[in-house]
Amino acid sequence: MTTSTPGRDFILTLDCPDRPGIVHAVTEFLVAHDANIVQCQQFDDRQNGRFFMRMHLESLNSAYGKDALIQGFGRTAEAYSMNWRLVDAAERTRTLILVSKYEHCLNDLLFRRRLGTLDIDVPLVVSNHPDAAGMAAAHGVEFRHIPVTPDGKEEAEAELLRLVDDLRIDLVVLARYMQILSPELCKSLEGRAINIHHSFLPSFKGAGPYGQAHARGVKLIGATAHYVTPDLDEGPIIEQDVARVDHSMDPARLAAIGRDVESQVLARAVRWHCASRVLLNHGRTVVFG
Ligand SMILES: Nc1nc2c(c(=O)[nH]1)N[C@@H](CN(C=O)c1ccc(C(=O)N[C@@H](CCC(=O)O)C(=O)O)cc1)CN2
């Protein structure tokens, strides 16, 4: 996270086995720490018995900053076996963007960042091709070309991981990055790598989905933003959308229509992830939009 001036607003997210008293325990903690609820969203998954909550809270007592709230909440979390996270709502997400040759999603993310509608800091753009160097420069972002060859994949991924650590990256976005990440890299980036797949998953996984869609004669094409896992294009889905197409369109036309859908879907997914609105739920997601 990029450290900003410590704010008073925090986001608490949690999931735990569902049982009576969870909300009471959380609000009791807030009252005891002079914190006020700004917004509270919750979901009870009655199929797997898990409870999910996202709470936007305001600390009214400067004695209770982020560290104090985290230390204090630990006891409540342990009592209810919570997975939980508390972040400063003002902190911006340090984001590394991966791209190959198609630059539309990269351009869209960087434009939204410049507009201020996407709260991300982008210290670096990385690509396995040199093509996007000009786009990064146009947005004032450093660019690193890390070629990926069949024999050099492991070394390329090691360099990427070094950059993630050195630059204190919180989120890696695969903005039409056309390399399959190794299981080891997926593990290192678990829950903080988002990919945009250019189809309405689970249809048309893998390479060339627009060609697959054209061959199938679809009347809708789509895009899917999902977390990256070792199982190609099978990670937890964050956001999707579609657009109408027809029989007269060739694969290139489908891809042209799809570009806007991909960009919009990826931007929403990144925005929601950075706002702690996406929680993992056994291979699926809970999105407090
Ligand atoms: N471990 C994962 N890696 C990646 C995922 C994922 O879900 N898990 N998503 C892909 C994105 N993708 C489609 O959206 C995709 C990218 C690449 C390929 C592919 O076959 N790549 C070839 C090389 C292609 C080239 O060099 O131009 C390969 O890696 O052998 C299929 C689907 C991103 N990575």
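- As annotated in an unreviewed UniProt entry, the protein chain is Formyltetrahydrofolate deformylase from Lipingzhangella halophila.
- Entered under Catalytic activity (unreviewed entry) in the UniProt record, the comment concerning the protein chain runs "(6R)-10-formyltetrahydrofolate + H2O = (6S)-5,6,7,8-tetrahydrofolate + formate + H(+)".
- Recorded in UniProt under Sequence similarities (unreviewed entry), the annotation for the protein chain is "Belongs to the PurU family."

1. Some details on the UniProt feature "domain: ACT" (unreviewed entry) in the protein chain
Moving on, step 1. The UniProt feature table records "domain: ACT" (unreviewed entry) at residues 11-84.
Moving on, step 2. The span residues 11-84 is 34% helical and 41% strand by assignment, and the distance between its end C-alpha atoms comes to 10 Å.

2. Section: the sheet that holds strand 4 (residues 83-88)
Moving on, step 1. Taken together, four strands build an open sheet; the order of strands is 2-3-1-4 and the sheet is antiparallel. The sheet terminates laterally at strand 2 (35-45) and strand 4, the two strands that pair on one side only. Taking the axes of each pair of neighbouring strands and ignoring which way they run, one obtains an average angle of 10 degrees across the sheet.
Moving on, step 2. Here strand 2 runs beside strand 3 (residues 50-59); their pairing, made up of ten bridges, is antiparallel. Paired with Asp45 across the bridge in strand 3 is Arg50.
Moving on, step 3. Along the sheet face, helix 1 (residues 22-32) touches strand 1 (9-17), strand 2 and strand 3 and points at about 15 degrees away from the line of strand 3.
Moving on, step 4. Of the strands in this sheet, strand 1, strand 3 and strand 4 are in contact with helix 2 (residues 66-79), which crosses strand 4 at around 165 degrees.

3. Looking at the site of the ligand
Moving on, step 1. Taken together, 18 residues sit near the ligand, with Gln179, Leu181, His197, Thr229 and Asp233 positioned nearest.
Moving on, step 2. Backbone polar atom of Gln179 to a nitrogen atom of the ligand: 2.7 Å apart, as the coordinates give it.
Moving on, step 3. Contact between the ligand and His197: an oxygen atom at 2.8 Å from a side-chain N or O atom of the residue.
Moving on, step 4. In isolation the ligand offers 710 Å² of accessible surface; the protein chains occlude 77% of this area.
Moving on, step 5. Looking at the shell around the ligand, the element that brings in the most residues is strand 9 (residues 193-197), giving three residues.
Moving on, step 6. Here the shell around the ligand is composed, by residue class, of ten nonpolar, six polar and two charged.

So, how was this worked out
- Residues numbered from 1 in each chain as written.
- Predicted model: local features only at pLDDT ≥ 70, side-chain atom pairs only at ≥ 80, totals over all residues.
- Heavy atoms only, no water.
- UniProt positions renumbered as here; feature names shortened; annotations may be inferred.
- Helix = DSSP H or I, 4+ residues; strand = E, 2+ residues; numbered from the N terminus.
- Pairing = 2+ DSSP bridges.
- Axes fitted to C-alpha atoms, helices over the stretch in contact; angles between N-to-C directions.
- Contact = heavy atoms within 4.5 Å.
- Near = heavy atom within 4 Å.
- Polar contact = N/O pair within 3.5 Å; in protein donor to acceptor, adjacent residues only side chain to side chain.
- Areas by Shrake-Rupley, 256 points an atom, 1.4 Å probe, with all protein chains shown as cover.
- Nonpolar A, V, L, I, M, F, W, Y, C, P; charged D, E, K, R; others polar.

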